[in-house]
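Read off the chains here:
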Amino acid sequence: MNIDNAKSQMRKGMLEYCVLLLLRQRPSYASDIILQLKEARLLVVEGTLYPLLTRLKNDGLLSYVWQESTQGPPRKYYALTEMGEQFLSGLDAAWNEISLTVNHLKSLELGITI
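Q: Mind showing me how you'd approach the sheet that holds strand S1 (residues 28-29) here?
A: One key point about sheets: their strands pair by backbone hydrogen bonds, in either a parallel or an antiparallel sense. Read across the sheet, 3 strands follow the order S1-S3-S2 without closing on themselves; strand pairing throughout is antiparallel. Edge strands, defined here as strands with exactly one partner in the open sheet, are S1 and strand S2 (62-67). By the bridge criterion, 6 bridges tie S2 to strand S3 (residues 75-80) in an arrangement that is antiparallel. Note that in S3 the partner of leucine 62 across the bridge is leucine 80.

Shown next, in the form of structure tokens:
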């Protein structure tokens, strides 16, 4: 078993959630999303992010507006829709459940009672 492959699969599973968390804070364009993910130590390339943003938009979870840029062409700023907010709330609940499960199992390993 390759640990790098396992880590990659875990990151892919979390990417959608992480992108939606960022967009909950404020509308952003793709390059800004990539930078924020990098600052959080989740490395993503444009070739991975753009298809995800398109899918989320097509699913009704995101909307976008074009805004003029002082540094080049207009930028597409993505934002959560109301449906996206509801979906993200569901992901929050799922993440909390998963986190509790993993922390419980890790505590058993260490002999700690939570």
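Q: Before we go on, may I ask you to explain helix H2 (residues 30-39) in this structure?
A: Buried within H2 we find Ala30, Asp32, Ile33, Ile34, Gln36 and Leu37. Its buried side turned inward, H2 meets helix H1 (3-25), S1, helix H3 (46-58) and S3. Remark: arginine 41 follows H2 within two positions and exhibits a positive phi of approximately 70°.

Q: It is not clear to me how the packing of aromatic side chains should be interpreted in this structure. Could you clarify?
A: The relation between two aromatic rings is expressed through the spacing of the ring centres and the mutual angle of the planes. In this structure the tally under the stated criterion is 4 aromatic pairs. Ring centres of tyrosine 17 and tryptophan 95 lie 6.0 Å apart, and the angle between their planes is 35°; on these two criteria the pair is classed as tilted. Taken together, the residues span a long stretch of sequence, with tyrosine 17 in helix H1 and tryptophan 95 in helix H4 (residues 82-110) at a distance of 78 residues. A relative accessible area of 37% means that tryptophan 95 is categorised as partly exposed. Taking the centre distance of 5.2 Å and the plane angle of 65° together, the rings of tyrosine 29 and tyrosine 77 count as edge-to-face. In this pair, tyrosine 29 sits in strand S1 while tyrosine 77 sits in strand S3, placing the two residues 48 residues apart along the sequence. Within the aromatic cluster, the residues linked to one another by ring pairs are Tyr64, Trp66 and Tyr78. Here lysine 76 stacks its cationic end above the ring of tyrosine 64, 4.3 Å away from the centre of that ring.

Parameters and conventions
Residues numbered from 1 in each chain as written. Predicted model: local features only at pLDDT ≥ 70, side-chain atom pairs only at ≥ 80, totals over all residues. Heavy atoms only, no water. Pairing = 2+ DSSP bridges. Helix = DSSP H or I, 4+ residues; strand = E, 2+ residues; numbered from the N terminus. Buried < 20%, exposed > 50% of the residue type's maximum accessible area, 1.4 Å probe, protein only. Contact = heavy atoms within 4.5 Å. Phe/Tyr/Trp six-rings, centres within 6.5 Å; stacked < 30°, edge-to-face > 60°. Lys NZ or Arg CZ within 6 Å of the ring centre and 35° of its normal.

Interpretation note: all reported values are geometric properties and have no functional meaning in isolation.
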